[in-house]
2 protein chains.
Amino acid sequence: MSSTENGAEASARETGRPSPKVPERPHPVTLREVAEAAGVSTATVSLVVNKKKDARIAEETRRRVTDAIRTLGYRPNAMAKTLVSGTSKFIGLVADGVATTPFAGQIIHGAQDEAWKHGYALLIANTEGNGELEQDAIAMMLEYKVRGILYSTWFHRQTDIPPPLREADFVLVNCFSNEQGARAVVPDEVQGGRSATELLLAHGHRRIAFINATIPAPAKDGRLAGYRQALGNAGIPFDPDLVMEAYPDQEGGYRATAGLLQRGAPAVFCYNDRMAMGLYDGLREHGLAIPGDVAVVGFDNQEVIAAHLRPPLSTVALPHYELGAAGVRVLLGIDPAPGGPAKIHCPAVERASVQVQAHA
Amino acid sequence: MSSTENGAEASARETGRPSPKVPERPHPVTLREVAEAAGVSTATVSLVVNKKKDARIAEETRRRVTDAIRTLGYRPNAMAKTLVSGTSKFIGLVADGVATTPFAGQIIHGAQDEAWKHGYALLIANTEGNGELEQDAIAMMLEYKVRGILYSTWFHRQTDIPPPLREADFVLVNCFSNEQGARAVVPDEVQGGRSATELLLAHGHRRIAFINATIPAPAKDGRLAGYRQALGNAGIPFDPDLVMEAYPDQEGGYRATAGLLQRGAPAVFCYNDRMAMGLYDGLREHGLAIPGDVAVVGFDNQEVIAAHLRPPLSTVALPHYELGAAGVRVLLGIDPAPGGPAKIHCPAVERASVQVQAHA
DNA sequence: GTGAAAGCGCTAACAA
DNA sequence: TTGTTAGCGCTTTCAC
């Protein structure tokens, strides 16, 4: 009689006391109950609920059904639906730390928006790079029969494909594998580096320094290549001496100040915004004005930093949102998957740190 | 013959044409197939799979089953499982923008970690404050029979409870409602304001300014109350003139510089880190050193800012991760739900911006 | 110890 | 136009 667990209105009725903590809810209304209430068969209700175009239901019947649905507060059981259809409306997102990292969270956002657009819900798992957790997360997603899995990393890098991932339809996001046929979407670092440099070139600068990262990464090589391309396109010979390296954070940027001044370049492209932030401090200590004495361009477009430095920093955005969205599109076969990783455009964001009249 | 990508060989064999876009995968292995392969009944397999303690299975049988599971690569179908049990292992997280906002993404992270710990997966929906989307998201979660829903906002505020939310077991995270019995977890702004002020008091300051926000919010009132409490505890009379207001961003902080200098306070507690960042610029322009001339404390602990300003900024952390985790615990009934919103501790983070020898 | 069978809520033929 | 029925993959009595 006393069904201990669920159904506390039941328990409330039985014991005479309400259960304020975790209000147990009544047994969910089922299709069958709606059918009975409306005096029709379950098939009919199903037809009405799913608005099947080809099914012709009498207006009167439809009304009775919708009324019953409303009064009973019926909610379809997606699990049962999925059981029948065999595949759920879930897309899994396995992240090694996007939820942790400030701006990379946009990957989640983009994926979720795009997934939603196509009727899918996002199932996320942040694994913090923990391999075991990762396996479990993927297993869980497979058990929920996800339509596919987005495997993403918080910074652009090469990655290994965890074995269970192969059991699903998957797309690598912000990372890639040199394995044949593994679909992936990554930022277009080369174009980004080119755009960053062009921001400076557009303002007449021809002697442009580049403070690259010391840490090996696709971004390091790509941005450098882009920098060289931009110079090349502008007919400016590449001067290796203008390329420095520093640890890619504020401290690194700050420390790079001396080297930059020594080279006397009036324009500089920093590997990332954090470095640019540090450089701002360094330049300021030397009494130099931005962009008057030195024009600065960053990379990443970390909102909190770039938009709010004094002066606001021109930079190139890492398209995290787009990466997430494109990942979903590739997964669903909406966007074609090119041979290698799909390269997502990194848009330039011009702000005051380069605003000096062109003297070209 | 050319099996373009994985998985497709099967379908390629069958249809004679490869399916390069979305490689169809073989029909998932079912419990029944495992049973047949092992020569036992489905009931037995179920018992083995779920490691039922009370069920006594012969070692030999168990081995045959586990072998079959391994060779066939069986994955339980969580949908079917859920259908039977009636309630899924999902917890829904509806956010009005946490995925969008840099640091608030930690709410997702905390919720996901804690949910996972208890065997739950996180189903997220970012609604960007769009009411309709929000309804849809909640409906979707209800249909997937989530165990409960965390309804969260990206900044601490009061909120209305969307009607469909009531159909689920829910907890408000980083927001609250004055409605009876609505469970909620929010940051302890008062304690935070107190801690921030104490950071300054601990270094011997007695004349401490507070640059509050212009915008009404629980944080505004709470932090001010905390500031007053701290002063009171230290036996320092509250001086209304030392409380200024500014728009809570970098620009606002920068603009507040003049007012601060005019009041001549050698220590200041800023409503948030962004304001402190602007104030840094303002103070620097006046040739003032931090913390030598002015000690500064912020609030929020926005990593990119606070940890990397020069000097690093002392601040009080908004416990986003904890909010998400506590939300899950309250939802599952692990943490008791107090009468009002549960207040989560905001830990102080001391950095160099207050490091001046005490002269008390 | 293990199997047979009855559903969980829903969809999709196929009948009527 | 609507009802009947057979599962989807799994758990769970209840027999054997």
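For the structure, see preceding data.
Remember, it's a predicted structure, so these values are computed and weren't measured experimentally.

Caption draft 1: Structural detail: the nonpolar core. Ranked by internal contacts, the top residues of the largest apolar core, which has 98 residues, are Val-296 of chain A together with Val-296 of chain B. With residues near it in sequence (within four places) discarded, Val-296 of chain B still touches Val-268, Cys-270, Ala-276, Leu-279, Tyr-280, Leu-283, Ile-290, Leu-313, Ser-314, Ser-353 and Val-354 of chain B. Ala-137, Leu-142 and Val-146 of chain A together with Leu-123 of chain B belong to the second-largest nonpolar core, a separate cluster that totals 50 residues.

Caption draft 2: Molecular detail of the relation of the copies chain B and chain A. Mapping chain B onto chain A leaves a residual RMSD of 0.1 Å; the transformation is a rotation of 180° accompanied by 0.0 Å of translation along its axis. With respect to symmetry, the two chain copies, as superposed, fit the operation of a two-fold axis. Comparing interface residues between copies, 97% of those in chain B also sit at the interface in chain A, which points to an isologous, same-surface contact.

Caption draft 3: Representation of the environment of Val-45 of chain B. Residue and element names in this part refer to chain B. With respect to the helices and strands, Val-45 occurs in helix 3 (residues 42-49). Given a relative accessible area of 0%, Val-45 falls into the buried group. Each C-alpha atom, one on Val-45 and one on Leu-72, is 13 Å from the other, the two residues being 27 residues apart in sequence. With sequence-adjacent residues up to four places away left out, Val-45 is seen in contact with Leu-31, Val-34, Ala-35, Val-40 and Val-65.

Caption draft 4: Inspection of the protein's contact with DNA strand C at higher detail. Close to DNA strand C lie 25 residues; Leu-31, Ser-46 and Tyr-74 of chain A together with Thr-44 and Thr-61 of chain B are nearest. The share of sugar and phosphate among atoms of DNA strand C within 4 Å of the protein is 76%. Here a phosphate oxygen of DNA strand C sits 2.4 Å away from a polar atom, N or O, in the side chain of Tyr-74 of chain A. Interatomic distance of 2.7 Å between a side-chain N/O atom of Thr-44 of chain B and a phosphate oxygen of DNA strand C. If you list the elements that add at least two residues to the surface near DNA strand C, you get helix 3 (42-49) and helix 5 (78-85) of chain A together with helix 3 and helix 5 (78-85) of chain B.

Caption draft 5: The arrangement of the interface of chain B and chain A in detail. Chain B puts 66 residues into the contact, and the matching count from chain A is 66 residues. Ranking the residues of chain B by area buried against chain A places Arg-75, Met-79 and Arg-310 of chain B at the top, with a combined share of 13%. One salt bridge connects Glu-167 of chain B with Arg-75 of chain A, and the closest N-O pair in it is separated by 2.8 Å. For the side of chain B that touches chain A, the elements supplying multiple residues, two or more each, are helix 5, helix 6 (106-117), strand 2 (121-126), helix 7 (131-143), helix 10 (250-255), helix 12 (273-285) and helix 13 (303-306) of chain B. Residues belonging to the side of chain B that touches chain A are distributed by class as follows: 33 nonpolar, 13 polar and 20 charged. Here 3 bridges tie strand 2 (residues 121-126) of chain A to strand 2 of chain B, and the two strands are oriented antiparallel to one another. Counterpart to Ile-124 of chain A in the pairing with strand 2 of chain B is Leu-122 of chain B.

Caption draft 6: How the structure looks around the sheet that holds strand 6 (residues 208-213) of chain B. Residues and elements named next belong to chain B. Ordered by their spatial adjacency, 4 strands build an open sheet running 7-6-8-9, and the pairing between neighbours is parallel. Edge positions in the sheet fall to strand 7 (243-246) and strand 9 (295-297), since each of these pairs with one other strand and no more. Ignoring which end each strand starts from, the neighbouring axes of this sheet average 20° apart. Relative to the sheet, helix 9 (residues 218-233) contacts strand 6, strand 7 and strand 8 (267-270), its axis offset from that of strand 6 by approximately 170°.

Caption draft 7: Examining unusual backbone geometry more closely. For the peptide bond that leads from Ile-290 of chain A to Pro-291 of chain A, omega is 0°, which places it in the cis range. Counting through the fold element by element, Pro-291 of chain A comes out in the loop between helix 12 (273-285) and strand 9 (295-297). Positive phi values are uncommon outside glycine, yet Asn-301 of chain B reaches one of about 55°. What makes Asn-301 of chain B buried here is its relative accessible area of 18%.

Caption draft 8: Structural detail: helix 8 (residues 189-201) of chain B. All names here are of chain B. With 13 residues, helix 8 should cover 18 Å at 1.5 Å per step; its first-to-last C-alpha distance of 18 Å lies within 8% of that length. Most of helix 8 is tucked away, with 10 of its 13 residues classed as buried. All of the buried residues along helix 8 are Glu-189, Gln-191, Gly-192, Gly-193, Ser-195, Ala-196, Thr-197, Leu-199, Leu-200 and Leu-201.

Caption draft 9: The packing of aromatic side chains, seen in detail. Evaluation of the coordinates by the stated rule reveals 13 aromatic pairs over all chains. With 4.3 Å between their ring centres and 35° between their planes, Phe-90 of chain A and Tyr-144 of chain B make a pair best called tilted. One end of the pair, Phe-90 of chain A, is in strand 1 (residues 90-95); the other, Tyr-144 of chain B, is in the loop between helix 7 and strand 3 (148-158), on a second chain. Here Phe-90 of chain A falls in the buried class, since its relative accessible area comes to 0%. Taken together, the ring pairs connect Phe-210, Tyr-227, Phe-238, Phe-269 and Phe-299 of chain A into an aromatic cluster. A cation sits over an aromatic face here: Arg-223 of chain A above Phe-299 of chain A, 3.6 Å from the ring centre. Sitting over the face of the ring of Tyr-120 of chain B, Lys-89 of chain B holds its NZ or CZ atom 4.4 Å from the ring centroid.

Caption draft 10: Highlighting the protein's contact with DNA strand D. Around DNA strand D, the surrounding shell holds 24 residues, and the nearest of these are Arg-56, Ala-58 and Thr-61 of chain A together with Leu-31 and Tyr-74 of chain B. Here DNA strand D approaches the protein such that, of its atoms within 4 Å, sugar and phosphate make up 73%. Contact between DNA strand D and Thr-44 of chain A: a phosphate oxygen at 2.8 Å from a side-chain N or O atom of the residue. For the surface near DNA strand D, the secondary-structure elements that each account for two or more residues are helix 3 and helix 5 of chain A together with helix 3 and helix 5 of chain B. Per-element tally for the surface near DNA strand D: the top contributor is helix 5 of chain B, with 3 residues.

The rules behind each value
Residues numbered from 1 in each chain as written. Chains lettered and ligands numbered in written order. Predicted model: local features only at pLDDT ≥ 70, side-chain atom pairs only at ≥ 80, totals over all residues. Heavy atoms only, no water. Core = buried A, V, L, I, M, F, W, Y, C linked by side-chain atoms within 4.5 Å. Buried < 20%, exposed > 50% of the residue type's maximum accessible area, 1.4 Å probe, protein only. Contact = heavy atoms within 4.5 Å. Least-squares fit on C-alpha atoms with pLDDT ≥ 70 in both. Helix = DSSP H or I, 4+ residues; strand = E, 2+ residues; numbered from the N terminus. Near = heavy atom within 4 Å. Polar contact = N/O pair within 3.5 Å; in protein donor to acceptor, adjacent residues only side chain to side chain. Buried area = accessible area lost by both parts, 1.4 Å probe. Salt bridge = Lys/Arg side-chain N within 4 Å of Asp/Glu carboxyl O. Nonpolar A, V, L, I, M, F, W, Y, C, P; charged D, E, K, R; others polar. Pairing = 2+ DSSP bridges. Axes fitted to C-alpha atoms, helices over the stretch in contact; angles between N-to-C directions. Expected span 1.5 Å × (residues − 1). Phe/Tyr/Trp six-rings, centres within 6.5 Å; stacked < 30°, edge-to-face > 60°. Lys NZ or Arg CZ within 6 Å of the ring centre and 35° of its normal.

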